[in-house]
Amino acid sequence: MAGEPVNVNEFQELARQALPKMYYDYYTGGAEDQHTLKENVESFRRIIIRPRILVDVSKIDMSTTILGHKTSAPIMIAPTAMHKLAHHEGEVATARGAAACDVIMGLSYMSTCTVEEVASSCNAVRFFQIYVYKRRDITALMVHRAEKNGFGAIILTADTPRLGRREADIKNKVDVDSRISFNNCDARIHAITPKIKFLEYQTLRSCFSQVMQTEMFMLTDRSTNKTLQDKGSNIEALAAGTFDASLCWKDIEWLKSITKLPILIKGILTSEDAIKAIEAGVAGIIVSNHGARQLDYAPATISVLEEVVHAVQGKVPVFYDGGVRRGTDIFKALALGAKAVLIGRAVIYGLAAKGELGVKQVIQMLKDEFELTMALSGCCSVDDITRSHVKTEKERFICRM
Ligand SMILES: Cc1cc2nc3c(=O)[nH]c(=O)nc-3n(C[C@H](O)[C@H](O)[C@H](O)COP(=O)(O)O)c2cc1C
Ligand SMILES: CC(C)CC(=O)C(=O)O
C-alpha cells in the first residue's frame, strides 16, 4: 500500500503484514461459515442515510455522556483479548490511544496487561469486562481489583458459555506465546495459591499461565495423554476449562452482591433478553454478537439493534458493537437508537500496525469520518441524529411495493 492508511481497511492490511498468520487469523476470524461475520459489515451497507441540507453545521459537537462519564465521541474500545499478540505493549498502548482520543477503554478479562498496569498507564476512563469462571473466587477477585483500580463499570459478557467454533484457529492450533500468557488472571493467582498446589503438571506445555495449565490438565485425554490443545484451538480449550457454562440470569444478583460498579450486559440480540436484563437490574445493554465469533447465523448486530432499543423503552442506555469500520456506521447505529458504539477489530488493526499511535489514528479516523457524516447529514450534535436520518433495507423494500 502506498502512503499512510486512509481508512480502517487499509489498517487491516497493515495488520496482516505485521502479524504472524496464526494471530492475524485469530483476530479477524469468525465462527464456522463466517456468514454472520460478513453480514455484520454488509448489513451496514444496506442502510442508507437520509441527509438534511441547509443546516448550519459550522460547529459540530460529537461529545456525549456514558454512565456519567463525559467522552469526546460516542465511541468506546470494545474489550478484546490478548493485545500483546498484536503489539508488545499490549493493552497499555491501547488504553493510551484511547486516553489520547478521550474515549472509554474496555479492558478484556483475558488481557495480557494487568488491570493495575492499565490503570497506572494513563487517565482513560476504563470499563472492565468479565467472563465468569467456574472458579467464582477468581472472577470476584478480578472484579475487586478493577474496582480498586478505578474502573468505572463492569461489562458482563454473557454470550460465551462456550467458545464459538473458529475453524482457522482449529487448523492453526492457535497457541499463545509462553512469554505472554494471560497476565491479568495470573497476578491474582499469586494471591490465592493454596488451591493450585497441584502444579506437578508443570511439564505441560507452558503456553498458558499457571492456572490455565492446571485447568487444562483436567481436560487431558488420559488414554492418549494428550492435552486437548494438541487437537485444535488452545483458546477454545482454555475457555472450555475455565468458563462457567452454567451462568444464568440469577447470577447477575451474585455479581451485584460483589460490586457497587454499574453492570453492562454484553451479548444481547433479542427483545426477550433485553427485558430480562432490565429486570435483572443492569445499568446498560450492549447489543453484540461478539464480532460474529460465537454463533454463526446469529443476526448481524445492526439488524437487531432497533428491536432491542424498542424493548428497552429508554430505561437504560443501549450500546452497539459489530462490524463498525466507518464513521457512517457509527452514525447509522446512533440513528437506530444506540447511545454509543464499541470498536473491536479496527482498534486491534491499529495496534498491530503501529502500537499506541495506530490505535490513536484508527480512533481519530473514525471520529473524523463520523464528524463529517454528521455535517453532511445536517446534524450538529449527537442528539440531532434521529431515526428519520436512516432507511433500512426493509423500509426501502416496502417503499418499492
Ligand atoms: C480478537 C477478538 C478478541 C475478543 N475478545 C473478547 C473478550 O475477551 N471479551 C469480550 O467480551 N469480547 C471479546 N471480543 C468481542 C468484542 O468485544 C466485540 O464484541 C467485537 O469485536 C465487535 O465486533 P468488531 O470486531 O467487528 O468491531 C473479541 C473480539 C475479537 C475480534
Ligand atoms: C480468549 C477468548 C475467550 C477471548 C474472546 O472472547 C474471543 O476470542 O472472542
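Residues numbered from 1 in each chain as written. Chains lettered and ligands numbered in written order. Predicted model: local features only at pLDDT ≥ 70, side-chain atom pairs only at ≥ 80, totals over all residues. Heavy atoms only, no water.

(A) Structural context of the site of ligand 2. Near ligand 2 the following residues occur: Tyr 26, Ala 81, Met 110, Tyr 131, Leu 163, Arg 166, Ile 235, Phe 243, His 290 and Arg 293. In the model, an oxygen atom of ligand 2 is placed 2.4 Å from a nitrogen or oxygen of the Tyr 131 side chain. When isolated, ligand 2 has an accessible area of 280 Å², and the protein chains bury 95% of it. Each residue belonging to the shell around ligand 2 can be placed in one class, and the counts come to 7 nonpolar, 1 polar and 2 charged. (Near = heavy atom within 4 Å. Polar contact = N/O pair within 3.5 Å; in protein donor to acceptor, adjacent residues only side chain to side chain. Areas by Shrake-Rupley, 256 points an atom, 1.4 Å probe, with all protein chains shown as cover. Nonpolar A, V, L, I, M, F, W, Y, C, P; charged D, E, K, R; others polar.)

(B) Looking closely at the UniProt feature "active site" (unreviewed entry) in the protein chain. UniProt's entry tags His 290 with the feature "active site" (unreviewed entry), counted in the numbering of this structure. Residue placement: His 290 occurs in the loop between strand 9 (284–287) and helix 13 (301–312). Note on His 290: relative accessible area 12%, which makes it buried. Apart from the residues lying within four places of it in its own chain, the contact partners of His 290 are Tyr 131, Thr 157, Asp 159, Thr 160, Arg 166 and Lys 266. (UniProt positions renumbered as here; feature names shortened; annotations may be inferred. Helix = DSSP H or I, 4+ residues; strand = E, 2+ residues; numbered from the N terminus. Buried < 20%, exposed > 50% of the residue type's maximum accessible area, 1.4 Å probe, protein only. Contact = heavy atoms within 4.5 Å.)

(C) Main features of helix 4 (residues 90–101). Along its 12 residues, helix 4 runs 17 Å from first to last C-alpha, staying within 8% of the 16 Å computed at 1.5 Å per residue. Among the 12 residues that make up helix 4, 9 are buried, leaving the element largely enclosed by the rest of the structure. Summarising the contacts, the buried residues of helix 4 are in contact with strand 4 (75–77), strand 5 (104–107), helix 5 (115–121) and helix 15 (345–377). One or two steps after helix 4, the chain reaches Asp 102, where phi turns positive at roughly 55 degrees. (Expected span 1.5 Å × (residues − 1).)

(D) Representation of the pairing of strand 11 (residues 340–343) in the model. Of the two faces of strand 11, both are covered, the one formed by Ala 340 and Leu 342 as well as the one formed by Val 341 and Ile 343. The sheet contact formed by strand 4 and strand 11 spans 3 bridges and is parallel. The residue of strand 11 that forms the bridge with Ile 75 is Val 341. Strand direction decides the pairing type here: strand 10 (residues 318–321) and strand 11, joined by 3 bridges, are parallel. Across the sheet, the residue bridging to Tyr 320 is Val 341, located in strand 11. On the question of chirality, the crossover connecting strand 10 to the parallel strand 11 by way of helix 14 (residues 327–335) is right-handed. (Pairing = 2+ DSSP bridges. Right-handed = clockwise from strand over helix to strand, strands pointing away.)

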